[in-house]
Amino acid sequence: MMDLESFSSVKLIERNGWVLSRQLDQEAGGMVVQQVHDLGLDVMLSKRVREIKVDGANHVVGVAFEDGEELDCSAVCFAIGITPRDELARVSGLDCVPRCGGIAVGDDLRTSQPDIYAIGECASWQGQTFGLIGPGVEMAEVVAFNLTQAKLHAPRVFKRPDLSTKLKLLGVNVASFGDFFADRDGPAHLPAKHNKLVNGAAKQAQTVKTLTYKDPFQNIYKKYIFTSDGKYLLGGMMIGDTNDYIKVSPMVKTMKELDVPPSQFILGAKKDGDGDGDDDLPDDTQICSCHKRHQSRRRELRQGRIMQGPGRRQVMHKGGHGVRRVHASRHDNLQQDQWRPWATRSRTTSVRTSATRAPSCTTSSA
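Asker: Describe helix α7 (residues 245-254), and please don't skip the residues or the numbers.
Answerer: Every buried residue of α7 is listed here: Tyr245, Ile246, Val248, Ser249, Pro250 and Val252. Where α7 terminates, the next one or two residues include Met255, which has phi positive at roughly 55°.

Here it is in C-alpha cells:
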C-alpha cells in the first residue's frame, strides 16, 4: 500500500478493543490508537467484517460488518497474519491440530511419524503456532543439531521461544519483550532461584509487580514487569521510546538477578553523549533476531575490524598486522526482504479503485 495518498480517506478496522492486542495492554494500545488518529487515519475498533460487497464487474464497493453497519469503499487491504499450511500433512496421515491448524510436533520437533520433522509456521508446538521468524530459526537450529551432532552430544529440545518483537506501526515505535502479559495472565515462568527465596509461599511466588511510566506529551509509554521482590525482570512493553529494548530483552532471556533497583529502569537517565547507550552491552547480546546478529559484530563494525565484501568478509586482527579473509555465513548476505518463511499461506486482496466515486481505502486487521 504505497499509494495511500491517492485515496481521499483511509480507515483502519480492528476487531479487538485496541490495536496490537497481542503485544500491548489496553492503555498502551489506546495510546497507539490516538497517535494513529493524529496521523489522519480513522480507527474503527471492535468491528468484524462480515462481507465484502462488490458490483457487477467484481469491483469492491464496500464492506458490511457483523453488527449490521456498512461502509462504502473502493479498496480493501487485509493484514490478518498467517495460517499454517498443513494440507499435505493431513492427507499423509500426520497428526494435526484440529482447531487452529498446524502439524503437531513434540519438543524434539518430530511429528507423529518419527522420521518426519516440522518447523516454522506450519508446526504446532504445545498447541501454539508462531508467525515470527525468531522461533522458526530456533526450531531449525534444534533439528539441524540433532541430525548432525546428536551422536556425540545430548539431543537438544525446543523450549519456550522468545516472542519479543520490535516494530514500527505507521511511524510509531512499538516493542514488547519477555512475558509481557505476566501481570494480566500470571507469570508463565519464574526463575528457579526466586522460587527458593520465597520460602515455599506459592501465592507469593505467583505475584508480580509492575512499574509504569507514561508521558502523554512525548507519546512515551513503558511498562516493566518484575517478580514480587523486584530482583528479576520478567517482561514489558514500550511505546515511542524503544531504545532500551536491546538492553532489557537479554535480561529476560538470561534471568539473571538484577544489580539495580527496578526504579532505575524508569528514572535512570542517559549521560550526555551516550547516544543509544549500547556500547556497554555484553558481546553475546542479540541485536537482530532475524539474522542472529550480536553486539560483538556491531562493535567490530564500529571499530573497523570487519570490512564487508561481496560474498565474503574481511576480519582485521586486533594487532593490525594483517587481514584474514573468511567466507561470510549465509545470514551475512541474506537480506530481510529475501527471507521466505516456511509453509505460509498469504491472504491478500487486489486494490481496485472505482472511477465513479472518490476513492477510499479500508484496512482490516485481525
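There is more to say after this.
Asker: An account of the sheet that holds strand β4 (residues 60-65) is requested, with residue identities and associated values reported.
Answerer: Taken in spatial order, the three strands line up as β3-β4-β5 in an open sheet, and their pairing is antiparallel. A strand with exactly one partner marks an edge of an open sheet, and here the two such strands are β3 (49-54) and β5 (70-72). Between one strand axis and the next, the sheet turns through 20° on average, direction left out of account. Sheet topology note: the β3/β4 ladder contains five bridges and is antiparallel. Bridged to Val49 within β4 is Phe65.

Asker: I'd like to hear about the pattern of salt bridges, residue by residue, with values.
Answerer: Applying the stated criterion to the full structure yields 14 salt bridges. A salt bridge links Glu69 to Lys47, with the shortest nitrogen-to-oxygen separation between them at 2.3 Å. Here Lys47 lies in the loop between β2 (42-44) and β3 and Glu69 lies in the loop between β4 and β5, a separation of 22 residues in the sequence. Taking the relative accessible area as the measure of exposure, Lys47 reaches 12% and is therefore buried. Between Lys222 and Asp241 there is a salt bridge, with its nearest N and O atoms 3.3 Å apart. On the criterion of sequence distance, the pair formed by Lys222 in strand β13 (residues 220-227) and Asp241 in the loop between β14 (233-239) and α7 is long-range, its members being 19 residues apart. Residue classification places Lys222 among the buried residues on the basis of a relative accessible area of 7%. Asp241 gets classed as partly exposed once you look at its relative accessible area, which sits at 23%. Each of Asp25, Asp183 and Lys223 takes part in salt bridges that share partners, so that together they form one network.

Asker: Outline the nonpolar core, supporting the account with residue identities and numerical values.
Answerer: With 17 residues, the main nonpolar core has Leu24, Val32, Val174, Met237 and Ile239 as its most contacted residues. If one sorts the elements of this core by residue count, helix α1 (residues 26-38) sits on top with five residues. Counting residues in hydrophobic clusters, the runner-up holds 15 residues, among them Ile103, Leu109, Ala118 and Val142.

Asker: Any details on the sheet that holds β14? Residues and values, ideally.
Answerer: Strand order across the open sheet formed by five strands is β10-β11-β14-β13-β12, with antiparallel pairing between neighbours. The sheet is open, and its two edges are formed by β10 (165-169) and β12 (208-215), each paired on a single side. Sheet twist, expressed as the average angle between the axes of neighbouring strands with direction ignored, equals 10°. In this sheet, β13 lies alongside β12 in antiparallel orientation, the contact comprising eight bridges. Counterpart to Lys209 in the pairing with β13 is Phe226.

Asker: Describe the pairing of β4, and please don't skip the residues or the numbers.
Answerer: For β4, the tally of buried residues reaches six of six residues, placing the bulk of the element in the interior. Turn length for the β3-β4 hairpin, with the two strands adjacent in sequence and antiparallel, is five residues, and the turn residue Asn58 shows positive phi of about 65°. When β4 meets β5, the two strands line up antiparallel, connected through three bridges. Considered in β5, the bridge of Val63 is made with Leu71. Following β4, the chain reverses through four residues before pairing antiparallel with β5; Gly68 in that reversal takes a positive phi of roughly 95°.

Asker: Describe the side chain of Asn146, listing the residues and the values that go with them.
Answerer: Mapped onto the elements, Asn146 comes out in helix α3 (residues 133-149). For Asn146, a relative accessible area of 14% puts it in the buried group. In terms of polar contacts, Asn146 uses its side chain to reach the backbone amide nitrogen of Arg156, at 2.8 Å. Here Asn146 is in contact with Pro155 and Arg156, once residues within four sequence places are set aside.

Asker: Lay out the environment of Leu12 with the relevant residues and their values.
Answerer: Relative to the helices and strands, Leu12 resides in strand β1 (residues 9-14). With relative accessibility at 13%, the residue Leu12 sits in the buried group. For the pair Leu12 and Met44, spaced 32 residues apart in the sequence, the C-alpha separation amounts to 6.1 Å.

Asker: Now, about the confidence of the model for the protein chain: what can you tell me, with residues and values included?
Answerer: Summary statistics for the protein chain give a mean pLDDT of 77 and a share of 68% for residues scoring 70 or more. In the model, residues 269-275 has pLDDT below 50 throughout and makes two contacts with residues more than four positions away in sequence or in other chains. Segment residues 309-358 is flagged for pLDDT under 50; beyond a separation of four residues in sequence, or across chains, it makes 89 contacts in the model.

Asker: Could you give me a rundown of the packing of aromatic side chains, with the residues and numbers involved?
Answerer: In this structure the tally under the stated criterion is seven aromatic pairs. Note on Phe177 and Tyr224: the rings are 6.1 Å apart at their centroids and 50° apart in plane angle, and the pair reads as tilted. With Phe177 in strand β11 (residues 172-178) and Tyr224 in strand β13, this pair connects stretches of sequence that are 47 residues apart. Of the residues examined, Phe177 reaches a relative accessible area of 0% and is grouped as buried. The exposure class assigned to Tyr224 is buried, which follows from its relative accessible area of 0%. Pairwise contacts between aromatic rings join Phe177, Tyr224, Phe226 and Phe265 into one cluster. Over the aromatic face of Phe145 sits the side chain of Arg156, whose NZ or CZ is 3.9 Å from the ring centroid. One Lys or Arg, Arg184, reaches over the ring of Phe181 and ends 3.9 Å from the middle of that ring.

Cut-off values and rules
- Starting afresh in each chain, residues are numbered from 1 along the sequence in its written order.
- Under the rules for a predicted model, residues below a pLDDT of 70 receive no local features and side-chain atom pairs below 80 are neither given nor counted, while totals for whole chains, interfaces and linings still include all residues.
- The side-chain figures draw on all heavy atoms in the structure; neither hydrogens nor water molecules are used.
- Throughout, exposure labels follow a simple rule: accessible area from a 1.4 Å probe, protein chains only, divided by the maximum for the residue type, with under 20% read as buried, over 50% as exposed, and the rest as partly exposed.
- Strands are runs of DSSP state E lasting at least two residues, helices are runs of H or I lasting at least four, and both sets are numbered from the N terminus onward.
- Should DSSP find at least two bridges between two strands, the strands are regarded as paired.
- Interaxial angles span 0 to 180 degrees and are taken between N-to-C directions of axes, which are lines fitted to C-alpha atoms, for helices over the stretch in contact.
- Salt bridge, as used here, is a side-chain nitrogen of Lys or Arg placed within 4 Å of a carboxyl oxygen of Asp or Glu.
- For the purposes of this section, nonpolar cores are sets of buried Ala, Val, Leu, Ile, Met, Phe, Trp, Tyr and Cys residues that join through side-chain atoms within 4.5 Å.
- Identification of polar contacts relies on pairs of N or O atoms within 3.5 Å, with a donor-acceptor requirement for protein atoms, meaning one able to donate a hydrogen and the other able to accept it, and with residues adjacent in sequence counted only if both atoms are side-chain atoms.
- The criterion used for residue contact is that any of the two residues' heavy atoms lie within 4.5 Å.
- pLDDT is defined as a per-residue confidence score from the predictor, taking values between 0 and 100.
- The criterion for an aromatic pair is that two Phe, Tyr or Trp rings (for Trp, the six-membered ring) have centres within 6.5 Å, with stacked assigned to planes under 30 degrees apart, edge-to-face to planes over 60 apart and tilted to the rest.
- Charge-over-ring placement is defined geometrically: NZ (Lys) or CZ (Arg) within 6 Å of the ring centre, and within 35 degrees of the ring normal.

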